[in-house]
Amino acid sequence: MMIEARGLVRTFKTKRGPVQAVQGVDLEVADGEIVGFLGPNGAGKTTTMRMLATLIQPTAGTATVAGCDLAKDPVGVRRRIGYVPQSGSTLPEAIAGDEVVDHARLYGVPKAKAIAEGQRLFEELDLPGLWRRQCKTLSGGQRRRLDIVMGLIHDPKLIFLDEPTTGLDPQARANLWEHIRGLRDRGATIFLTTHYLDEADALCDRILVIDHGKIVASGTPENLKQQVSGDAVRLTIADTAQAPAVMKIVRELEGAVEVGTEDDVVGFRIPRGGSVLPTLLRSIDAQGIELHGVEVHRPTLDDVFLTMTGRSLRDEDANPTEEKKEAAA
Ligand SMILES: Nc1ncnc2c1ncn2[C@@H]1O[C@H](COP(=O)(O)OP(=O)(O)OP(=O)(O)O)[C@@H](O)[C@H]1O
């Protein structure tokens, strides 16, 4: 096991009283996995990751990270991990290659080795010819890949990435996903935080969902989706007066749940939505009811999040960040 954490708690003291950022997190990450830590702003993702990366101390709980005990051997943990913070760590005026070499030397990597390894990583992460460039002249995607080079320069077994693709355009994100998969393919274990459900879905072997400082779900993207009760079906009816009749037919279907209506749409969830449609449409037609449209959606991770927390991940924004600023002040 690359990470094994039990009962991690972190409370921050603030002027307004204690903030319980992380409230008893248990988690496990196996060797060679890409695990995504998903949750809305302020859920406790960064705080958990910073504890695991030895940057802040847990208020309570224990963890083994990369084979070392977090409390007893934080130096051992630090030597074996790479941590790429949300904001990156390069100075705008600095030369990219110099930043990498300086960073490597902090870990005791000899200069010649740091240059050779740094330049190899520049090739691997698609930064050719940028070794002597000022950091501020790099594109957002290039700068993020440079951050990752810095996190990799001492050849860590475990890499923490805090929101690696926030602020990147879709193409740069997809490109970074490829690189992250490449790191895993050569034996690294990756633990990343993200707000993006599509990112977690596309990139991660396993997902942990955190909300209000607690893990509320975990599993592969597929088995998380299976936890949501079936496909979503939407029937658009020509005459809204017939909605009650359509709902009555739907309720008779075995396994139909969450039957509801909004304007001219009757919606519900049902396992294997596609296969119940022919029968359903025949029954509706037999009663002379006209439909304008039929849609079937496979559940998404957003549905999972909604089911687990009662809220949509996408709706969460602004406020918790404001709170954080205040709390930090
Ligand atoms: N240094 C701090 N002092 C006080 N409160 C803090 C501090 N750091 C984090 N918090 C609070 O702890 C909670 C969890 O914050 P954290 O940064 O871990 O969340 P997050 O899930 O990473 O959010 P985001 O997606 O916005 O980065 C928030 O309520 C935040 O305001």
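Residue positions are counted from 1 within each chain, in the order its sequence is given. A pLDDT threshold of at least 70 governs which residues receive local features in this predicted model, and a stricter bar of 80 or more applies before side-chain atom pairs are shown or counted, although totals over entire chains, interfaces and linings include all residues. Side-chain numbers here rest on the full set of heavy atoms in the structure, without hydrogens or water.

Stated formally: UniProt positions are given in the numbering used here, feature names are shortened, and annotations may be inferred rather than shown by experiment.
By the naming in an unreviewed UniProt entry, the chain goes by ABC-2 type transport system ATP-binding protein and is assigned to Kribbella pratensis. The UniProt entry for the chain carries the following text under Subcellular location (unreviewed entry): "Cell membrane".

### Examining the overall build of the chain
Note the cut-off: The helix count covers DSSP runs of H or I at least four residues long, the strand count covers runs of E at least two residues long, and both are numbered beginning at the N terminus. The classification of residues rests on relative accessible area computed with a 1.4 Å probe and restricted to protein chains. Under 20% of the type maximum is buried, over 50% is exposed, and intermediate values are partly exposed. Working rule for contacts: check all heavy atoms of both residues, and any pair within 4.5 Å makes them a contact. Shrake-Rupley sampling with a 1.4 Å probe provides the accessible areas, and residues are treated as covered by the protein chains on show and by no other component. Charged residues are defined narrowly, with Lys and Arg counted positive, Asp and Glu counted negative, and His plus the chain ends left uncounted. Charged groups are reduced to one reference atom each: NZ for lysine, CZ for arginine, CG for aspartic acid, CD for glutamic acid.
If you tally the helices and strands in the chain, you get 12 helices and 14 strands. Along the longest, intermediate and shortest principal axes, the C-alpha atoms of the chain span 80 × 45 × 35 Å. Looking at the chain as a whole, 48% of its 329 residues qualify as buried. Taking the contacts inside the chain whose residues are at least 6 apart along the sequence as the reference set, 68% of them involve residues at least 24 apart. About 16,200 Å² of surface is accessible on the chain, with carbon and sulfur atoms providing 49% of the total. Separation of charge centres in the chain, based on 40 positive and 47 negative side chains, amounts to 8 Å.

### Let's talk about the site of the ligand
Cut-off, in case you're wondering: Any residue with a heavy atom positioned within 4 Å of a molecule or strand is treated as near that molecule or strand. In protein, a polar contact means a hydrogen-donor-capable atom and an acceptor-capable atom, both N or O and within 3.5 Å, with residues adjacent in sequence counting only if both atoms are side-chain atoms; elsewhere, any N or O pair within 3.5 Å suffices. Amino acids outside the nonpolar list (Ala, Val, Leu, Ile, Met, Phe, Trp, Tyr, Cys, Pro) and the charged list (Asp, Glu, Lys, Arg) are all regarded as polar, and Gly is one of them.
By nearness alone, 17 residues border the ligand, and N41, G42, T46, T47 and H195 come closest of all. Between an oxygen atom of the ligand and a side-chain N or O atom of T47, the distance comes to 2.5 Å. Contact between the ligand and Q86: an oxygen atom at 3.4 Å from a side-chain N or O atom of the residue. When isolated, the ligand has an accessible area of 640 Å², and the protein chains bury 86% of it. At the level of secondary structure, the elements contributing two or more residues to the shell around the ligand comprise β2 (19–29), α1 (45–52) and α12 (319–328). Ranked by residues supplied to the shell around the ligand, first place goes to α1 with three residues. Residue classes in the shell around the ligand are distributed as six nonpolar, eight polar and three charged.

### Observations concerning helix α6 (residues 170–185)
Note the threshold: Helices are assigned an expected span. That span is 1.5 Å times one less than the residue count. The arc under discussion is defined with respect to the helix axis, by the directions toward the C-beta atoms.
Between its first and last C-alpha, α6 extends 23 Å over 16 residues, near the 22 Å set by a 1.5 Å rise per residue. Here α6 has its buried residues at A172, R173, L176, W177, H179, I180 and L183. One side of α6 carries all its buried residues, which in axial view fall inside an arc of 165 degrees. Turned more than 90 degrees from where α6 packs its buried face, P170, Q171 and D185 sit exposed. For α6, the secondary structure elements touched by its buried residues are β3 (34–38), α4 (111–124), α5 (140–152), β7 (158–162), β8 (189–194) and α7 (197–203). The backbone nitrogen of Q171 lies 3.1 Å from a side-chain oxygen of the residue at the head of α6, namely D169. Once α6 finishes, G187 follows within two positions and takes phi at roughly 105 degrees, a positive value.

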